[in-house]
Amino acid sequence: MPNRRFADGEVVMGRWPGSVLYYEVQVTSYDDVSHLYTVKYKDGTELALKESDIRSQSSFKHRKSQSSSSSPSRRSTSRSRSRSPGRPAKGRRRSSSQSREHKDDKKKTIQETNLALLVLGFLFKPSENNTRRYNGEPDSTERNDTSCMILEQKLKPDLEIERVLEQYSLRSREEEKKKEEIYSEKKIFETIKTIEKASSKTKELEFGGRIGTFMLIFFLPATVFYLLLMCKQDDPSLMNFPPPLPALESLWEARVFGVFLLWFFLQALFSLLPIGKVVEGLPLSNGRKLQYRINGFYAFILTAAAIGTLLYFQIELHYLYDHFMQFAVSAAAFSMVLSIYLYIRSLKAPEEELAPGGNSGYLVYDFFTGHELNPRIGSFDLKYFCELRPGLIGWVVINLAMLLAEMKIHNQSMPSLSMILVNSFQLLYVVDALWNEEAILTTMDITHDGFGFMLAFGDLVWVPFVYSLQAFYLVGHPTVISWPVAAAITILNCIGYYIFRSANSQKNNFRRNPADPKLAYLKFIPTATGKGLLVTGWWGFVRHPNYLGDIIMALAWSLPCGFNHILPYFYVIYFICLLIHREARDEHHCKQKYGLAWERYCQRVPYRIFPYIY
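This one's a predicted model, so the numbers in the text were calculated from it and none came from an experiment.

Student: Residue-level account of the UniProt feature "transmembrane region" (unreviewed entry) in the protein chain, with values.
Tutor: Within this numbering scheme, the UniProt entry marks residues 207-229, 254-275, 296-315, 327-344, 455-475, 481-500, 521-542 and 562-581 as carrying the feature "transmembrane region" (unreviewed entry). In residues 327-344, the share of helix is 100% and the share of strand is 0%. The end C-alpha atoms are 26 Å apart.

Student: For the pairing of strand 3 (residues 36-41), give the residues involved together with the corresponding values.
Tutor: Counting buried residues in strand 3 gives five out of six residues, a clear majority hidden from the surface. The sheet contact formed by strand 2 (residues 22-31) and strand 3 spans six bridges and is antiparallel. For tyrosine 30, the partnering residue across the bridge sits in strand 3 and is tyrosine 37. Counted along the chain from strand 2 to the antiparallel partner strand 3, the turn is four residues long, and its residue histidine 35 has a positive phi close to 60 degrees. Note that strand 3 and strand 4 (residues 46-49) share four bridges and pair antiparallel. Bridge pairing in strand 4 links threonine 38 to alanine 48. Between strand 3 and strand 4, which pair antiparallel and follow one another directly, the connecting turn spans four residues, one of which, glycine 44, has a positive phi of 100 degrees.

Student: Summarise the environment of phenylalanine 324; cite the residues concerned and give the values.
Tutor: Within the secondary structure, phenylalanine 324 is located in helix 9 (residues 324-346). Expressed as a C-alpha distance, the spacing of phenylalanine 324 and phenylalanine 465, which sit 141 residues apart in the sequence, is 8.6 Å. With sequence-adjacent residues up to four places away left out, phenylalanine 324 is seen in contact with Leu228, Ile398, Met402, Phe465, Ser468 and Phe472.

Student: Lay out the nonpolar core with the relevant residues and their values.
Tutor: Judged by nonpolar contacts, the single largest core of 107 residues is most densely connected at Met402, Phe465, Tyr467 and Phe575. Ranked by residue count, the leading element in this core is helix 11 (residues 382-409), at 16 residues. When residues are assigned to domains, this core turns out to be shared by domain 2 (209-480) and domain 3 (481-613), each giving three or more. Setting aside its immediate chain neighbours within four residues, tyrosine 467 contacts Trp395, Gln426, Trp462, Tyr571, Tyr574 and Phe575. Ranked by size, the runner-up nonpolar core spans 16 residues in total, among them Leu534, Val535, Trp598 and Val605.

Student: So what about the packing of aromatic side chains? Which residues, and what values?
Tutor: Going through the model one piece at a time under the given rule, you end up with 40 aromatic pairs. Taken together, a centroid distance of 5.1 Å and an interplanar angle of 40 degrees make the contact between tryptophan 252 and phenylalanine 257 tilted. Here phenylalanine 257 falls in the partly exposed class, since its relative accessible area comes to 21%. Ring centres of tryptophan 557 and tyrosine 571 lie 5.6 Å apart, and the angle between their planes is 25 degrees; on these two criteria the pair is classed as stacked. In this pair, tryptophan 557 sits in helix 17 (residues 545-558) while tyrosine 571 sits in helix 18 (residues 570-594), placing the two residues 14 residues apart along the sequence. A relative accessible area of 1% means that tryptophan 557 is categorised as buried. What makes tyrosine 571 buried here is its relative accessible area of 0%. Through a chain of ring-to-ring contacts, the aromatic side chains of Trp395, Tyr429, Trp462, Tyr467, Phe500, Trp557, Phe570, Tyr571 and Tyr574 assemble into a single cluster. Sitting over the face of the ring of tyrosine 321, lysine 232 holds its NZ or CZ atom 4.4 Å from the ring centroid. We note arginine 376 situated over the ring of tyrosine 292; from NZ or CZ to the ring centre the distance is 5.0 Å.

Student: Talk me through the pattern of salt bridges; I want residue IDs and the actual numbers.
Tutor: Charged atoms that come close allow side chains of opposite charge to pair. Per the stated rule, a full pass over the model turns up ten salt bridges. For arginine 389, the salt bridge is made with glutamate 437, and the minimal N-O distance between the two is 2.9 Å. One end of the pair, arginine 389, is in helix 11; the other, glutamate 437, is in the loop between helix 12 (417-435) and helix 13 (444-447), with 48 residues separating them in the sequence. Residue class for arginine 389 comes out buried when judged on its relative accessible area of 2%. Residue classification places glutamate 437 among the buried residues on the basis of a relative accessible area of 1%.

Each value, and the rule that gives it
- Residues numbered from 1 in each chain as written.
- Predicted model: local features only at pLDDT ≥ 70, side-chain atom pairs only at ≥ 80, totals over all residues.
- Heavy atoms only, no water.
- UniProt positions renumbered as here; feature names shortened; annotations may be inferred.
- Helix = DSSP H or I, 4+ residues; strand = E, 2+ residues; numbered from the N terminus.
- Buried < 20%, exposed > 50% of the residue type's maximum accessible area, 1.4 Å probe, protein only.
- Pairing = 2+ DSSP bridges.
- Contact = heavy atoms within 4.5 Å.
- Core = buried A, V, L, I, M, F, W, Y, C linked by side-chain atoms within 4.5 Å.
- Domains from an automatic or database assignment.
- Phe/Tyr/Trp six-rings, centres within 6.5 Å; stacked < 30°, edge-to-face > 60°.
- Lys NZ or Arg CZ within 6 Å of the ring centre and 35° of its normal.
- Salt bridge = Lys/Arg side-chain N within 4 Å of Asp/Glu carboxyl O.

Shown next as structure tokens:
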């Protein structure tokens, strides 16, 4: 077994993979099997390097001292040669002038070298996105080598021309040098911007790429309409496929579309009211932080007051049930128009305002996933508004309308126990989301995903019309359950909610203040980013305990509908698939962000969502 050369904790010089540059690093560990050193850069990045890519600091200092000690002797020799005793005084003056020019040229060359190193430092600087083990495979840094070669070839002719012009110029050398430095810096930073623009393109396409996203644009609306049509059938069995299609003219009504627009802009008005605190979101790629007004819960209270006023004046909400399909079509049409507007305006957005996951350069893919990260009209954030307001609050209003429709259609003085459970469980979920509105600012929907058709359709159509599927089903297919069964379902929902809320609170509190004495019992794995990965509490049980709570609650929402048909359980199946997809995305991003720390966390917490299963 070869001897180990560098010890843990030793400060050495480590070569950045794919480049010729060395940075000061600290050795953290050594793998006897792979013979790789794990080193930590000053910015916190951890990489595994071969021994040949590591040098001691003394070797660099020795080189530097040799260079500095030899250069004065060469300069003195040069001066002694140039000063011949037989030369006239004029010649000596010309020689001293040439010597000054030589010094100026040398200083200028050093400045240009420093500028070139600035570019190299920019291109090869370790970042959080490069936290991965180096194993000799080609990666983005090798592409940066090519970029440096192109940069050198591009700048060298311009600088040579500039030097020739300077020799025959009648202007002062100081002015020429200043102009050349400005010109060189301008060329370099223009090239940096070009490289940045190329590197910001989305490389990994999700949802099946261009073909998959194109199909989803049609498949998602078709799924919503199919579910609603099936719920209207006397026998909503999957064997009765396809359901009878209504006449096309019956799917659209201008009055229904007007009511939908009124609802949308009423919620927009509530969100603009100067009530509630203003908080900052996470830093964007340019370092800027956007401000958000947290008043979702106040908007919910105002909406409840408005609905109560309508009921007081005997305006019946079951109109919503009678025209449920038309409302879904209106919402889908509006989301499509909004998505087209969002994509057109994103074409003029600056590069730093584009979404990391929606900047592929493919029209259909970027239209679906969202090209612009945070589209705003003034201070009005379109994505943040649609994420919680019209769809989520609309979900509660639809459930209430279904409860009133059930009472009217079946001539009941009280809603059924099943309908009460569904309304109560889902009301709790919505109120919790609005009460903890600030927590949404750290989700991938806000920080990573652009605002395109996927989120617009999901927020305005999928959430209110699919999430209310159980209540819509119970209107046409009443289900009687006993009080003991209702109690058992309630306990199940409470367990799911407790896991969901306590896990999220544990994570949010730890992120806000890891040194809080109340959290002293929590253990964590430190990462190169300065954050910690919890390995005790809920996050030491499974990697995504909040998703586990979500799935348990979704099951509790469907159980009051009985077991006659699988249709009410579509939401549970969909929710499991959605969370598994999100979990896969989270795994990918966390592996890139935390590197070796994430691998250690996965070894410590092997189960992702379901303990002992998955």
